[in-house]
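# Coordinate analysis (summary)
Each chain, letter by letter, is given below.
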Amino acid sequence: MQDHIKNFADAGIAVYALSYDEPDALADYASGHGVTFPLLSDPNSEIIERFGILNTLTDPDDHPWYGIPFPGSYVVDEGGTIIDKFFESSFMLRPSADQLLRAALGEAVEQPRAERTAGASEDVTFDVSFDGQMLNAGVVRDLVVKLNVPQGFHLYGEPVPDGMVATSVEIDDQVGLVVNAPRLPPTSPLTLAGTGETLQVFDGDVEIRIPIAHMTRGVTEDDAGNLVIAVTGTIRWQSCDVHTCQLPRHEPFALSIPAARHNSPRGKDANFSEHFAKMSSRRLPANE
Amino acid sequence: MSQAEHDPSPYAVKHESGMWEDKFGGLGPFKPGSGPRQDPFGEFPTGPAIGEQLPDIVAMSHTGSEVDVHADRSGRRAVVVFYRSAVW
């Protein structure tokens, strides 16, 4: 995060990070890593509990792990309203700074793209790309599917009318690849003149983002000896105008994304043993 | 959700380093399927919803001063990250 803090500062966005660590442990971390934004201390997990995000997978007797949150981030606007959030069930995953910055800006953060694949099917064109240059272990980044729907046509969102096919992107299961729920743009209502039925549709440029991550399994070498993770999947849609619908389409795609195999190396910070011992004992009953 | 409801991971592999590898290849100090390494695919709490006001956060910071997030950001947009620990 610190590597990207200038981008947030330049955009006028404040950054805070909260954990159940003691202030002195945070101070050692901040000085060891050159952190310039506030690291907030919630040693009794009171704020974490008040937010309702206490990680319930750890047992209250499971010191020192008990008290951590489900990892996640909130993005708030000028008035303090939450405009987006990113949460993970696994404590090992974290969103990329780009995802947070994009959400805070409410606009696209243009990135050099690692690879893209594109095609056209009848009237609708599509483009699949990876948002970023590299997928490091444990960092969540987006696979981006863009559909261009010609004027006068629309694609269906959920809920889909009987017999029609909703727009979706499915990533094929593979060991080592973590795939989160796709983030679709909002639909707009379209009322049919004949029946008066109102449908939820996409039109124009439709951008679907699928957050993905890997934890090193599944990373392979390509023919040139570069480390990559191969991602395959299928895009489904059905395009219609107000009179007729085309046949449903399903278009497979494959992307080879540059990947780093290792988990980010994490050295021990100053006074690690003391901080860890304190963390381990702080919730024990006094006479235990 | 009780601990017993979770299946132990079939991918639990112990490395020479003493670290345990999970099905995604992630290495951690405890066995996959136990404690925070369980996999609650599906429902898990993510706190206040989009569209709600971010609840107040007033906490000590690493500099030893108290920070009130809403006051400190003074009208700026903000990102608030909840993470596991700066120690481990």
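Cut-offs used in this document
- Residues numbered from 1 in each chain as written.
- Chains lettered and ligands numbered in written order.
- Predicted model: local features only at pLDDT ≥ 70, side-chain atom pairs only at ≥ 80, totals over all residues.
- Heavy atoms only, no water.
- Contact = heavy atoms within 4.5 Å.
- Buried area = accessible area lost by both parts, 1.4 Å probe.
- Salt bridge = Lys/Arg side-chain N within 4 Å of Asp/Glu carboxyl O.
- Polar contact = N/O pair within 3.5 Å; in protein donor to acceptor, adjacent residues only side chain to side chain.
- Helix = DSSP H or I, 4+ residues; strand = E, 2+ residues; numbered from the N terminus.
- Nonpolar A, V, L, I, M, F, W, Y, C, P; charged D, E, K, R; others polar.
- Pairing = 2+ DSSP bridges.
- pLDDT = per-residue confidence, 0-100.
- Buried < 20%, exposed > 50% of the residue type's maximum accessible area, 1.4 Å probe, protein only.
- Phe/Tyr/Trp six-rings, centres within 6.5 Å; stacked < 30°, edge-to-face > 60°.
- Disulfide = S-S within 2.5 Å.
- Axes fitted to C-alpha atoms, helices over the stretch in contact; angles between N-to-C directions.

Moving on, we come to the interface of chain B and chain A. Listed by partner, the interface residues are 59 residues for chain B and 76 residues for chain A. In total, about 6,200 Å² of surface goes out of reach between chain B and chain A, with carbon and sulfur atoms giving 62% of it. On the chain B side of the contact with chain A, His62, Arg77 and Phe82 of chain B bury the most area, a combined 16% of that side's loss. When the shortest N-O distance is used, the salt bridge between Arg77 of chain B and Glu78 of chain A registers 3.1 Å. Remark: the boundary between chain B and chain A carries 29 residue pairs in polar contact (both at pLDDT 80 or more). Elements with a contribution of two residues or more to the side of chain B that touches chain A: strand S3 (27–28), strand S4 (58–61), helix H1 (69–73) and strand S6 (77–82) of chain B. With six residues, S6 of chain B is the single largest residue contributor to the side of chain B that touches chain A. Class assignment of the residues belonging to the side of chain B that touches chain A gives a composition of 32 nonpolar, 16 polar and 11 charged. Pairing between strand S1 (residues 13–19) of chain A and S6 of chain B: six bridges, direction parallel. Looking across to S6 of chain B, one finds that Ile13 of chain A is bridged to Arg77 of chain B.

Time to look at the sheet that holds strand S12 (residues 188–191) of chain A. Whenever strands of a sheet pair, they do so through backbone hydrogen bonds, lying parallel or antiparallel. Judged by pairing direction, the sheet is antiparallel, and its four strands sit side by side in the order S12-S13-S9-S17 (chain A) without closing on themselves. Taken across any chain shown, the strands that pair with only one partner, and hence form the sheet edges, are S12 and strand S17 (239–240) of chain A.

Looking at the secondary structure, you find Asp77 of chain A in the loop between strand S3 (72–76) and strand S4 (82–87). Separated by 3.0 Å, the side chain of Asp77 of chain A and the backbone nitrogen of Gly79 of chain A make a polar contact.

On to the confidence of the model for chain B, then. Residues and elements named next belong to chain B. On average, chain B scores 77 in pLDDT, and the residues at 70 or more come to 66%. Confidence over residues 1–9 falls short of pLDDT 50; this stretch has 12 contacts with residues more than four positions distant or in other chains. Interface scoring of the predicted complex returns ipTM 0.74; its pTM is 0.73.

For helix H2 (residues 23–33) of chain A, the complete set of buried residues consists of Ala25, Leu26, Asp28 and Ala30 of chain A. Of the surrounding elements, those touching the buried residues of H2 of chain A are S1, strand S2 (39–41) and helix H5 (272–281) of chain A.

With that out of the way, let us pick up the packing of aromatic side chains. In the structure shown here, the tally under the stated rule is seven aromatic pairs over all chains. Measuring from ring centre to ring centre gives 4.9 Å for Phe70 of chain A and Phe44 of chain B, while their planes differ by 50°; the resulting arrangement is tilted. Taken together, the residues Phe70 of chain A in the loop between helix H3 (46–51) and S3 and Phe44 of chain B in the loop between S3 and S4 connect one chain to another. Overall, Phe70 of chain A belongs to the buried group, its relative accessible area being 1%. With a centroid separation of 5.8 Å and an interplanar angle of 85°, the aromatic rings of Tyr74 of chain A and Phe82 of chain B are classed as edge-to-face. Of this pair, Tyr74 of chain A sits in strand S3 while Phe82 of chain B is found in strand S6, placing the two residues in two different chains.

What follows concerns the state of the cysteines. Residue and element names in this part refer to chain A. Counted according to the given criterion, the structure contains one disulfide over all chains. Between Cys240 and Cys245 runs a disulfide, and the two sulfur atoms are separated by 2.0 Å. Across the S-S bond linking Cys240 and Cys245, the dihedral sits near 105°, which makes this disulfide right-handed. Using a relative accessible area of 0% as the deciding quantity, one classes Cys240 as buried. Since its relative accessible area comes to 34%, Cys245 is described here as partly exposed.

In this section: the sheet that holds S4 of chain B. Spatially, seven strands are ordered S4(A)-S3(A)-S6(B)-S1(A)-S2(A)-S4(B)-S5(B) in an open sheet, and the strand pairing comes out mixed. Edge positions in the sheet fall to S4 of chain A together with strand S5 (66–68) of chain B, since each of these pairs with one other strand and no more. Sheet twist, expressed as the average angle between the axes of neighbouring strands with direction ignored, equals 30°. For S4 of chain B and S5 of chain B, the ladder comprises three bridges, and the chain directions are antiparallel. Residue pairing across strands places Val58 of chain B opposite Asp68 of chain B, the latter belonging to S5 of chain B. Running over the sheet, H2 of chain A touches S1 and S2 of chain A together with S4 of chain B and is turned about 165° from S2 of chain A. The sheet strands contacting helix H4 (residues 97–105) of chain A are S1, S3 and S4 of chain A together with S6 of chain B, and the helix crosses S4 of chain A at an angle near 165°.

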